[in-house]
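Read off the chains here:
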Amino acid sequence: MDWKETAIILGTWPHGERGVIVEVLAQNRGRWRGRVPGGASRKARPLLQPGNIVQADWRARLEDQLGMMRIELIDGIAGRHLADPFALDGLALLVADLHLLPEREPEPAMFRAARTVLDHLGEPTIWPALLARLELALLATLGFGLDLSRCAAGGSGPLVWVSPKSGRAVSEEAGRPYADKLLPLPAFLRPDGQGEGQGNRPVPAARDQADALRLTGFFLKRHVLTPRGLKEPHARDRIIRRLKERDT
Amino acid sequence: MSRTPVSPEIERIIQLLARLPGLGPRSARRVTLHLLKNRQVLLDPLARALAQAMETISTCPECGNLDTERPCSLCTDPRRAQDVLCVVADVADLWALERAGVHSGLYHVLGGVLSPIDGTTPEDLGIPTLLERARRLAVKEVILALPATVEGQTTAHYIADALRAALPDVKLTRPAQGMPVGGELDYLDENTLRAAFQDRR
């Protein structure tokens, strides 16, 4: 068994003295692990940083074995952002999100979304919105998609909230009496294409991007992290805090 | 039925030694045999040294270093600058800096770096303790000597943010990144080259 394709490095764990187990998100194979002999060496460590785009070459005698992976660098994205705390937090949250995907399930759409976030990490006004959209898609992939297409309470008018109970959108009119209990739905996340940041529309406001990450974070925590006994990445709070600071 | 050629006691030593870094079962067997052949000059002193280490060496409650004294000899050394604190990820990093003799202040060993995948949080690394210590010592400079990796630098930025908020007058520095001694441009990766050129002087 073998395959070779473009992949994103998600993380490494020591394996023996010189080797590491590397986890990647492969373009057409999904989240996949393999052993990299010599992966702990001074030469290999820079290649295996989370977020780097690589050519992964996986081989094993049988399909269900861990197998060996050979890695060649395509784009050293991680190294470009080491001095940028905001981008590093984005990278950390992205990697933590992708780590939630089921192992060995093809997720080409998630790969494309992740690649887009990585390609825009140097643009701090854009990537948080891209990451929020990726998290929305991640929730749907994991079976906990939010229904943002129509008002859960049957109301009309613009959808501006999401019910924390049902994960369904609520219109401004129907949700007004419960505003303090509902989660804000930023316009750019609405599936009707009315939001900003789509096509030629302007970049979403920092406040809206913060609300979007708070919204997706709320449901990821409830449906995925807590049931799996995982801690919420600290990066999310820091990203939201920085977005709020930018907004004021 | 095949019989093992060594006694259970010797097998136990081999098993334990095989767990050490750099040793596998075969090399552990060679080490064990070498120790047993040199009882007086190696095995006995080693056994005593290990027993003594077990008894006396502990983690310094101040900085996280390993030493026989509590607080450790680095923390209590009056010749060291008390107002410069160097934050490192691991005791091995502290030893590396001491070998190089490049830092004459105090240390703070985190014991790891923040990792969203492994779930390592600021509390796991004792970062609140670091802030409290920096305040108590009235440090003037904190050197964030953490790995130049995504997780290492995420940790460094986290600590820098926390220190800026709690102790705004403290100077924050980090070791320079760039060309290693003996490094040739042709063999350096693009990120190291970028860092070297950004920090050129």
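Since this is a predicted model, take the numbers as computed values, not measurements.

### Here we look at the overall build of chain A
So, step 1. When helices and strands are tallied, chain A shows 7 helices and 8 strands.
So, step 2. In terms of overall size, chain A behaves like a compact globule, its C-alpha atoms giving a radius of gyration of 19 Å where 248 residues would be expected to give roughly 18 Å.
So, step 3. Along the first, second and third principal axes, the C-alpha set of chain A runs to 60 × 35 × 35 Å.
So, step 4. Of all 248 residues assigned to chain A, the portion counted as buried reaches 50%.
So, step 5. In chain A, once contacts between residues fewer than 6 apart in sequence are set aside, the share between residues at least 24 apart is 56%.
So, step 6. A total of about 11,400 Å² of accessible surface is found on chain A, and carbon and sulfur atoms cover 50% of it.

### Observations concerning the layout of surface pockets
Residues and elements named next belong to chain B.
So, step 1. Looking at the second largest pocket, its volume works out to about 290 Å³.
So, step 2. As for the second largest pocket, its lining consists of Ile13, Leu16, Leu17, Leu20, Val31, Leu35, Leu43, Leu46, Ala47 and Leu50.
So, step 3. Tallied by class, the residues present in the lining of the second largest pocket amount to 10 nonpolar, no polar and no charged.

### Remarks on the pattern of salt bridges
Two side chains bearing opposite charge may form a pair once their charged atoms approach each other closely.
So, step 1. Taken as a whole, this structure holds 26 salt bridges over all chains when the rule is applied.
So, step 2. Note that A:Arg33 and A:Glu23 form a salt bridge whose closest N and O atoms lie 2.9 Å from each other. Of this pair, A:Arg33 sits in strand 3 (residues 30–36) while A:Glu23 sits in strand 2 (residues 19–26), placing them 10 residues apart in sequence.
So, step 3. The salt bridge involving B:Arg136 is made with B:Glu132; its shortest N-O contact spans 3.3 Å. With a gap of 4 residues between them, B:Arg136 and B:Glu132 both fall in helix 6 (residues 127–137), about one helical turn apart.
So, step 4. On the basis of relative accessibility, which here comes to 46%, the residue B:Arg136 falls in the partly exposed class.
So, step 5. Residues joined in a network through salt bridges with shared partners are A:Arg241, A:Arg242, A:Glu245, B:Asp161 and B:Arg164.

### Details of the interface of chain A and chain B
So, step 1. Opposite the 26 residues of chain A that make contact, chain B presents 21 residues.
So, step 2. Note on chain A versus chain B: buried area summed over both sides is about 2,000 Å², and carbon and sulfur give 62% of it.
So, step 3. The three residues of chain A that bury the most area against chain B are A:Leu82, A:Lys231 and A:His234, which together make up 26% of that side's buried surface.
So, step 4. Counting across the chain A and chain B interface gives 3 salt bridges.
So, step 5. Between B:Asp124 and A:Lys231 there is a salt bridge; the shortest N-O distance is 3.3 Å.
So, step 6. Summed over the shared surface of chain A and chain B, the number is 6 residue pairs in polar contact (both at pLDDT 80 or more).
So, step 7. Broken down by secondary-structure element, the contributors of at least two residues to the side of chain A that touches chain B are strand 1 (2–15), helix 1 (77–80), helix 2 (85–98) and helix 7 (234–247) of chain A.
So, step 8. By residue class, the composition of the side of chain A that touches chain B is 13 nonpolar, 5 polar and 8 charged.

### A few points about the domain arrangement of chain B
So, step 1. Looking at the assigned domains, one finds that chain B contains domain 1 (8–56) and domain 2 (80–173).
So, step 2. When each unit is reduced to the centre of its C-alpha atoms, the spacing between domain 1 of chain B and domain 2 of chain B is 35 Å.

### Side note on helix 2 of chain A
Residues and elements named next belong to chain A.
So, step 1. Its 14 residues place the ends of helix 2 20 Å apart at the C-alpha level, agreeing with the 20 Å of an ideal helix rising 1.5 Å per residue.
So, step 2. Along helix 2, 13 of the 14 residues are buried, which leaves the element largely enclosed by surrounding structure.
So, step 3. For helix 2, the N-terminal capping position is held by Asp84, with its side-chain oxygen 3.1 Å away from the main-chain nitrogen of Phe86.

### Some details on the packing of helix 1 (residues 8–17) of chain B against helix 2 (residues 25–37) of chain B
Residue and element names in this part refer to chain B.
So, step 1. Close contact between helix 1 and helix 2 brings their axes to 8 Å; oriented N to C, the two are set at 125°. Here helix 1 lies oblique to helix 2, going by the angle between them. Seen from above, helix 1 lies across helix 2 with right-handed handedness. Residues Ile10, Ile13, Ile14 and Leu17 of helix 1 touch helix 2, and the partners they reach there are Pro25, Ala28, Arg29, Val31, Thr32, Leu35 and Leu36.
So, step 2. Here the residues of the contact of helix 1 with helix 2 sort into 9 nonpolar, 1 polar and 1 charged.

Rules used in this analysis
Residues numbered from 1 in each chain as written. Chains lettered and ligands numbered in written order. Predicted model: local features only at pLDDT ≥ 70, side-chain atom pairs only at ≥ 80, totals over all residues. Heavy atoms only, no water. Helix = DSSP H or I, 4+ residues; strand = E, 2+ residues; numbered from the N terminus. Rg over C-alpha atoms; globule rule 2.2 N^0.38 Å. Buried < 20%, exposed > 50% of the residue type's maximum accessible area, 1.4 Å probe, protein only. Contact = heavy atoms within 4.5 Å. Areas by Shrake-Rupley, 256 points an atom, 1.4 Å probe, with all protein chains shown as cover. 1 Å grid on protein atoms, 1.4 Å probe; cavity = no way out; pocket = protein on both sides within 12 Å on 5 of 7 lines; lining within 4 Å. Points joined across faces, edges and corners; volume = space filled by probe spheres on them. Nonpolar A, V, L, I, M, F, W, Y, C, P; charged D, E, K, R; others polar. Salt bridge = Lys/Arg side-chain N within 4 Å of Asp/Glu carboxyl O. Buried area = accessible area lost by both parts, 1.4 Å probe. Polar contact = N/O pair within 3.5 Å; in protein donor to acceptor, adjacent residues only side chain to side chain. Domains from an automatic or database assignment. Expected span 1.5 Å × (residues − 1). Axes fitted to C-alpha atoms, helices over the stretch in contact; angles between N-to-C directions. Parallel < 35°, antiparallel > 145°, perpendicular 65-115°, else oblique. Left-handed = near helix turned anticlockwise from the far one by under 90°.

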